[in-house]
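Each chain, letter by letter, is given below.
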There are 2 protein chains.
Amino acid sequence: MNHSVSHTKINTLSNVHSIDRNDFIIRNCEKLFNIGDRLSGIYRINSGSVKLYRSNEAGQEQILGFYTAGDIFGLDALSDGKSQSSATILETSNISLIPFNTLLKRENSGDYKIFMQQVGINHNRDIDHTMMLLHCSAGRRLAWFFIKFSDNLSKRGYRADEFTLPMTRKDIALYLGVAAETLSRVFARFCAKGFIRIIGHQRSIKILEIDVLRNMINRDD
Amino acid sequence: MNHSVSHTKINTLSNVHSIDRNDFIIRNCEKLFNIGDRLSGIYRINSGSVKLYRSNEAGQEQILGFYTAGDIFGLDALSDGKSQSSATILETSNISLIPFNTLLKRENSGDYKIFMQQVGINHNRDIDHTMMLLHCSAGRRLAWFFIKFSDNLSKRGYRADEFTLPMTRKDIALYLGVAAETLSRVFARFCAKGFIRIIGHQRSIKILEIDVLRNMINRDD
DNA sequence: CGGCTTGTTGACAGTGATCAATTGTTGTGG
DNA sequence: CCACAACAATTGATCACTGTCAACAAGCCG
């Protein structure tokens, strides 16, 4: 396995690289861990993307979050060491495992501070997700999703108006808490109104009216 | 101000008491902090209860969580020191402020570990909330709420089948992501079906069929 | 080519949001 | 102690949104 794979360019949080890493993982579209697995640390994505989810009793997945370069995940194992969610890689990714021991040892107080900030950032993002779920209609949910995805790209220095989604429609639907059919209809509506355009086939999106979408999160169109 | 107020009995997490506290706060039904406030640390509840919320653009609160004895909150200030939510005390409470400096200094690795576990526990509870919002009907949402509240009480050694809710119906509705009117109807339905009984007036609840409620979270009744 | 997954579209019914009115509760001041 | 106001909670009627079921189109991979 080649550990010297080039990293995706990260503008923010590049300082997090100073955290010790005892392990390196590079995989392609496979499961990283399962519910109940004992995690030995916290994961950080250097490149690629991951979905974090749980399955309910009906066997249906419920997606808790999508993570991309620079993000950390696996915090749900902090309480007792066992993960309460599953993680699957959406595309070929480069992921570090930061062992709990490294975090607990903390010979370097700077790393610790950065780690705590990352925990806070993750927490804020989860709150955004929750806020969206608490009161948004299907249209607002998709607008919210596009804005968050776009803003995330632009923070990393990529094009914010044209991108390829790494996840399926169903994954998005499960993340936004709407039926896949409803989501598909909202996609169609956004296209008809000229807010977005679906370029190649399905996954490639061009945002035409980003301000309209941004306003829609709060006010209805 | 009397700092030797007797603590509510806490069975779990009593060891967290070892974390240094640089401040002690005792207040009655008032606001603890606002969105945008710079927090100097993390709060821990010794007794009483608190609601954490944000306001959307329409000026409507959205409740992110209720916290009771033993809980910590204020993690949304970890990223940049400024809180992204507001906190209001629901009843007379005894609350500690654990300064960031204490956490960052960490002369005692045991405290640090316990703190990290608390972060994980908080995170897991937020995930539960999110999971509920992602797919539950109004009936399931209230059942979920009762079960979580009841389980929390029994973990602390209190009666799990009879309790007084510290929050209003509207607060519950905003936490569960349903309209207050809808919630009221579900309350009425639960009473009619004999799942619960409202004892004194409104806030005092007796759970009659806890197993039915517990099953309802997954399966529809 | 044929099976499988992914995504779209249609029809329909049910849940729950909204608006409005009423009742119950709490707190204040005369 | 009562009257009043402000708030909390309930109840009713209506209707839009969205979940569900179903059929179909479109890619993808063997």
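As shown above, the structure is provided for reference.
Quick look at the structure, then. (Residues numbered from 1 in each chain as written. Chains lettered and ligands numbered in written order. Predicted model: local features only at pLDDT ≥ 70, side-chain atom pairs only at ≥ 80, totals over all residues. Heavy atoms only, no water.)

**What to know about the overall build of chain A**
The test is simple: The helix and strand labels rest on DSSP assignments: H or I over at least four residues marks a helix, E over at least two residues marks a strand, and numbering proceeds from the N terminus. Burial classes: relative accessible area under 20% of the type maximum marks a residue as buried, over 50% as exposed, and values in between as partly exposed (1.4 Å probe, protein chains only). In this analysis, two residues are considered to be in contact whenever any of their non-hydrogen atoms come within 4.5 Å of each other. A 1.4 Å probe and the Shrake-Rupley method give the accessible areas. Residues count as covered only by the protein chains that appear here.
The secondary structure content of chain A amounts to 6 helices and 11 strands. Expressed as a percentage of its 221 residues, the buried residues of chain A come to 53%. Contacts in chain A between residues at least 24 apart in sequence constitute 70% of all its contacts with a sequence separation of at least 6. Accessible area for chain A stands at about 9,700 Å²; split by element, carbon and sulfur atoms hold 47% of it.

**Observations concerning the packing of helix α3 (residues 138-155) of chain A against helix α5 (residues 180-192) of chain A**
Residues and elements named next belong to chain A. The following threshold applies: Simply put, an axis is a line fit to the C-alpha atoms, just over the touching stretch for a helix, and the angle between two N-to-C directions goes from 0 to 180 degrees. Should an angle fall under 35 degrees it is called roughly parallel, over 145 degrees roughly antiparallel, and 65 to 115 degrees roughly perpendicular, with every other angle called oblique. Under the scheme applied here, ten amino acids are nonpolar (Ala, Val, Leu, Ile, Met, Phe, Trp, Tyr, Cys and Pro), four are charged (Asp, Glu, Lys and Arg), and all others, including Gly, are polar.
Packing of α3 against α5 brings their axes to within 10 Å, and their N-to-C directions diverge by 70°. The orientation of α3 relative to α5 falls into the category roughly perpendicular. Two secondary-structure elements touch here, α3 through Ala138, Gly139, Leu142, Ala143 and Phe146 and α5 through Thr182, Leu183, Val186, Phe187, Arg189 and Phe190. Here the residues of the contact of α3 with α5 sort into 8 nonpolar, 2 polar and 1 charged.

**Overview of the protein's contact with DNA strand C**
Threshold: For this purpose, a residue is taken to be near a molecule or strand whenever a single non-hydrogen atom of the residue falls within 4 Å of it. Counting of polar contacts relies on pairs of N or O atoms within 3.5 Å, with two restrictions inside protein: one atom must be capable of donating a hydrogen and the other of accepting it, and residues adjacent in sequence are counted only when both atoms are side-chain atoms.
Close contacts around DNA strand C come from 19 residues, with Ser184(A), Gln202(A), Ala138(B), Thr182(B) and His201(B) the closest. Each atom of DNA strand C within 4 Å of the protein was assigned to sugar, phosphate or base; sugar and phosphate come to 66%. Measuring from a base oxygen of DNA strand C, one finds a side-chain N or O atom of Arg185(B) at 3.1 Å. Every element with two or more residues in the surface near DNA strand C is listed here: α4 (169-176) and α5 of chain A together with α5 (180-192) of chain B. Among the elements that take part in the surface near DNA strand C, α5(A) stands out by supplying 4 residues, more than any other.

**Digging into the side chain of Asn122(A)**
Residue and element names in this part refer to chain A. For asparagine 122, the position within the fold is in helix α2 (residues 109-135). For asparagine 122, a relative accessible area of 4% corresponds to the buried category. Within the local environment of asparagine 122, its side chain forms a polar contact with the backbone oxygen of isoleucine 72, the two atoms lying 2.8 Å apart.

**Overview of the sheet that holds strand β10 (residues 196-198) of chain B**
All names here are of chain B. So the rule is basically this: What makes two strands pair is DSSP finding at least two bridges between them.
Pairing is antiparallel in the open sheet, where 3 strands are placed in the order β9-β11-β10. Two strands lie at the open edges of the sheet, namely β9 (162-164) and β10, each paired on one side alone. Pairs of neighbouring strands in the sheet enclose a mean axial angle of 20°, with direction left out of account. When β10 meets strand β11 (residues 204-207), the two strands line up antiparallel, connected through 3 bridges. Each bridged residue has a counterpart across the sheet, and for isoleucine 198 the counterpart in β11 is isoleucine 205.

**Notes on the packing of aromatic side chains**
Residue and element names in this part refer to chain A. As a reminder of what qualifies: A pair of Phe, Tyr and Trp rings is counted when the ring centres sit within 6.5 Å of each other, with Trp represented by its six-membered ring. The angle between the planes then sorts it: under 30 degrees is stacked, over 60 is edge-to-face, the rest tilted. The rule is short: NZ of Lys or CZ of Arg within 6 Å of the ring centre and within 35 degrees of the ring normal puts a charge over the ring.
Taken as a whole, this structure holds 28 aromatic pairs over all chains when the rule is applied. Centroid distance phenylalanine 145 to phenylalanine 146: 6.2 Å. Interplanar angle 55°. Geometry classified as tilted. Phenylalanine 146 carries the same exposure label as phenylalanine 145, and that label is buried. Clustering of aromatic rings is evident, with ring pairs tying together Phe66, Trp144, Phe145, Phe146, Phe149, Phe163, Tyr175, Phe187, Phe190 and Phe195. The ring of tyrosine 53 is capped by lysine 51, whose NZ or CZ atom sits 5.2 Å from the centre of that ring. It is arginine 169 that lies over the ring of phenylalanine 187; its NZ or CZ is 3.8 Å from the centre.

**Overview of the environment of Arg219(A)**
Take Arg219(A): it is sitting in the segment after α6 (210-216). Along the chain, Arg219(A) and Cys136(A) lie 83 residues apart, while their C-alpha atoms are 10.0 Å from each other.

**A look at the protein's contact with DNA strand D**
Taken together, 18 residues are adjacent to DNA strand D, and Ala138(A), Ala179(A), Thr182(A), His201(A) and Ser184(B) come closest. Put simply, 62% of the atoms of DNA strand D that lie within 4 Å of the protein are in sugar or phosphate. Here a phosphate oxygen of DNA strand D and a backbone polar atom of Ala138(A) are 2.7 Å apart. One of the side-chain N or O atoms of Arg203(B) is found 3.4 Å from a phosphate oxygen in DNA strand D. For the surface near DNA strand D, the secondary structure elements donating two or more residues are α5 of chain A together with α4 (169-176) and α5 of chain B. When residues in the surface near DNA strand D are grouped by element, the largest group, 4 residues, is from α5(B).

**Things to note about the relation of the copies chain B and chain A**
We count it as follows: Each copy is superposed on the other by least squares, with the fit set by C-alpha atoms of residues at a pLDDT of at least 70 in both.
If you rotate chain B by 180° and push it 0.0 Å along the axis, it lands on chain A with an RMSD of 0.0 Å. Viewed as a symmetry operation, the transformation between the two copies matches a two-fold axis. In this assembly the copies share their binding face: 100% of the residues contributing to the interface of chain B also contribute to that of chain A.

**Digging into the interface of chain B and chain A**
Rule in force here: As used here, buried area is the combined drop in accessible area, with a 1.4 Å probe, of two parts when they are placed together. Salt bridges, as used here, are contacts in which a Lys or Arg side-chain nitrogen is within 4 Å of a carboxyl oxygen on Asp or Glu.
Between chain B and chain A, the contact holds 39 residues from the first and 39 residues from the second. For the pair chain B and chain A, the summed buried area comes to about 3,600 Å², and 62% of that belongs to carbon and sulfur atoms. Where chain B packs against chain A, one counts 2 salt bridges. Between Asp128(B) and Arg54(A) there is a salt bridge, with its nearest N and O atoms 3.2 Å apart.

**Points about helix α3 (residues 138-155) of chain B**
As a reminder of what qualifies: Each helix should span, by expectation, one fewer than its residue count multiplied by 1.5 Å.
Here α3(B) contains 18 residues, and its C-alpha end-to-end distance of 26 Å stays within 8% of the 26 Å for a straight helix at 1.5 Å per residue. The positive-phi residue at the C-terminal boundary of α3(B) is Gly157(B), with phi of around 90°.

**Examining the pairing of strand β8 (residues 93-99) of chain A**
Residues and elements named next belong to chain A. Of all 7 residues in β8, 7 are buried, a share of seventy percent or more. Where burial is concerned, the two faces of β8 agree: the one with Ser93, Ile95, Leu97 and Pro99 and the one with Asn94, Ser96 and Ile98 are both buried. With 6 bridges joining them, strand β3 (residues 41-47) and β8 adopt antiparallel strand pairing. Across the sheet, the residue bridging to isoleucine 45 is isoleucine 95, located in β8.

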